[in-house]
Amino acid sequence: MVTTDDRVTRVRESAQKFRAPFTLDPSLALYCPQDNVDSLTQPRIRAWFDFVGRDYSPALPDVPRRVLLLLPCTRTKPYILSTEHKRINAALIAAGFVPMAPADPTLLALREEGESEALFSLAPLLHPDGIMVHRAVISEPLGLVPYEHMLAYPGGVSPAVLYDDPGLFEERGNAVSPWRADHTAVRVSATRWKWGPSEKRAYVVMHNEMARVVAEALARFGGVYTRRISWVAPGLTHRSFVVAKGQRAAHGIVAQRQVGAERLPLVGANDLLPEGLRLTALPTREQCQDALARLASRLGRTPAEAAGHFGRGGGDATPLALPELLEDLLAALRAN
């Protein structure tokens, strides 16, 4: 059970998500939408926005196809050590993609028995067919995190290995900070809260700022890619950061939030990008339905019986890491 009544205890719980030698910066422990909005002026976050928005440019090889693969952030820090990223990266490596630089020594020291060194490289991946995959992460509160700067960047230690931010996930019922003066959430059970107007309004502010940060970066350097794929779970916050207003119904994502008498629009990065630089949000809902059917067949169960396994990604992950959906990702990477 997640602690929601005491920040000191919750920060202690957050620290357990980090793999040594990486540690949490308590000032980057964000437990509600209001915490997220406050973080926009935090010095580490502001410096990061300046880096990805104005200074960063990916160093990529001159190959026929260059694909940006945007992956979701994870509770495990660094992201590459999470079950989800390990399974996605393992599938890419097994399909013939090879890291263009050796594994990071700090990460390699955390390798478990049987894991390949390639699994711990932060460099772009190159396939013999001439397809290059440049991995990045869509994150709150950082917006966009290029894989190669997951641990460090010209400003010092990357904030991507310093933060914990479960504060925008309303459906979990614990994205609250009752110790704040502007807290308006209402407790509905011993473990769950319902957001009030302050939480809802701050969510919209932070949501739209994350879309802006992603769009600002891609508007500047997104043209270096021949394709831009966002591999994020349907219906969740990360996908909402991406898709445009006209795409939301097809993705099962709301276009606005009701706050009192107001309807506040949710803006995605694709709303702010020209058509030629937009992200393709995958997997589609149809791909998820088909993958569930294939998973059920593999497990010898009905789709209803396999739904729980699907939702957990077969373990401590999400459906994005399942073999059935990873087949769709590999097909998308190979597509012209």
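Computed from a predicted structure; not experimentally measured. (Residues numbered from 1 in each chain as written. Predicted model: local features only at pLDDT ≥ 70, side-chain atom pairs only at ≥ 80, totals over all residues. Heavy atoms only, no water.)

K.L.:
Explanation requested: the packing of helix α3 (residues 43–55) against helix α6 (residues 197–221) in the structure shown.
P.N.:
Geometrically, a packed helix pair is captured by the angle between its two axes and the distance between the axes. The contact between α3 and α6 brings their axes to 7 Å, and the two run at 35°. Contacts from F49, F51, V52, G53, R54 and D55 of α3 reach α6 at E209, M210, V213, E216, A217, R220 and F221. Here the contact of α3 with α6 is built from residues that sort into seven nonpolar, one polar and five charged. (Axes fitted to C-alpha atoms, helices over the stretch in contact; angles between N-to-C directions. Helix = DSSP H or I, 4+ residues; strand = E, 2+ residues; numbered from the N terminus. Contact = heavy atoms within 4.5 Å. Nonpolar A, V, L, I, M, F, W, Y, C, P; charged D, E, K, R; others polar.)

K.L.:
Would you explain the environment of L266 in this entry?
P.N.:
Tracing the sequence through the fold places L266 in the loop between β12 (262–265) and α9 (269–272). Note on L266: relative accessible area 5%, which makes it buried. For the pair L266 and S139, spaced 127 residues apart in the sequence, the C-alpha separation amounts to 17 Å. For L266, the residues in contact, after removing those within four places along its chain, are Y203, V204, H207, N208, S240, R248, V254, A255, Q256, R257 and D271. (Buried < 20%, exposed > 50% of the residue type's maximum accessible area, 1.4 Å probe, protein only.)

K.L.:
Would you mind going over the pairing of strand β10 (residues 227–231) with me for this structure?
P.N.:
Judged by how many residues are buried, β10 sits mostly within the fold: five of five residues are covered. By the alternation rule, side chains of β10 split into R227, I229 and W231 and R228 and S230, which are all buried. The pairing of strand β1 (residues 65–72) with β10 spans four bridges and is classified as parallel. Directly across from L69, in β10, lies its bridge partner I229. Across three bridges, the pairing between β10 and strand β13 (residues 280–282) is parallel. Residue pairing across strands places S230 opposite A281, the latter belonging to β13. (Pairing = 2+ DSSP bridges.)

K.L.:
Before we go on, may I ask you to explain the packing of helix α4 (residues 83–94) against helix α12 (residues 323–334) in this structure?
P.N.:
Axis separation between α4 and α12 bottoms out at 11 Å; the angle between their running directions is 50°. Between α4 and α12, the interaxial angle falls into the category oblique. For the crossing formed where α4 meets α12, the hand is right-handed. Residue-level contacts link R87, I88, A91 and L92 of α4 to L326, L329, L330 and L333 of α12. Each residue belonging to the contact of α4 with α12 can be placed in one class, and the counts come to seven nonpolar, no polar and one charged. (Parallel < 35°, antiparallel > 145°, perpendicular 65-115°, else oblique. Left-handed = near helix turned anticlockwise from the far one by under 90°.)

K.L.:
Looking at this structure, I do not really get the pattern of salt bridges. What am I missing?
P.N.:
Opposite charge on two side chains permits them to pair, given that their charged atoms come into close proximity. Inspection of every chain in the model, using the stated rule, returns 17 salt bridges. With its nearest N and O atoms 2.5 Å apart, the salt bridge here joins D5 to R187. Of this pair, D5 sits in the segment before α1 (7–15) while R187 sits in strand β8 (residues 186–187), and the two are 182 residues apart along the sequence. On the accessibility criterion, R187 (36% relative accessible area) is partly exposed. In this structure, R257 and E170 form a salt bridge, with 3.0 Å as the shortest nitrogen-oxygen distance. Here R257 is found in strand β11 (residues 256–259), whereas its partner E170 is found in the loop between β7 (156–157) and β8, with 87 residues between them in sequence. For R257, a relative accessible area of 14% translates into the label buried. Here E170 falls in the partly exposed class, since its relative accessible area comes to 27%. When salt bridges with common partners are traced through the structure, they connect D35, D38, R180 and D182 into a single cluster. (Salt bridge = Lys/Arg side-chain N within 4 Å of Asp/Glu carboxyl O.)

K.L.:
What should I look at first to understand α12 in this one?
P.N.:
Since the α-helix turns once every 3.6 residues, residues separated by three or four places project in the same direction. Between the first and last C-alpha of α12 there are 16 Å, a value that for twelve residues agrees with the 16 Å anticipated at 1.5 Å per step. All of the buried residues along α12 are E324, L325, L326, D328, L329, L330, A332 and L333. (Expected span 1.5 Å × (residues − 1).)

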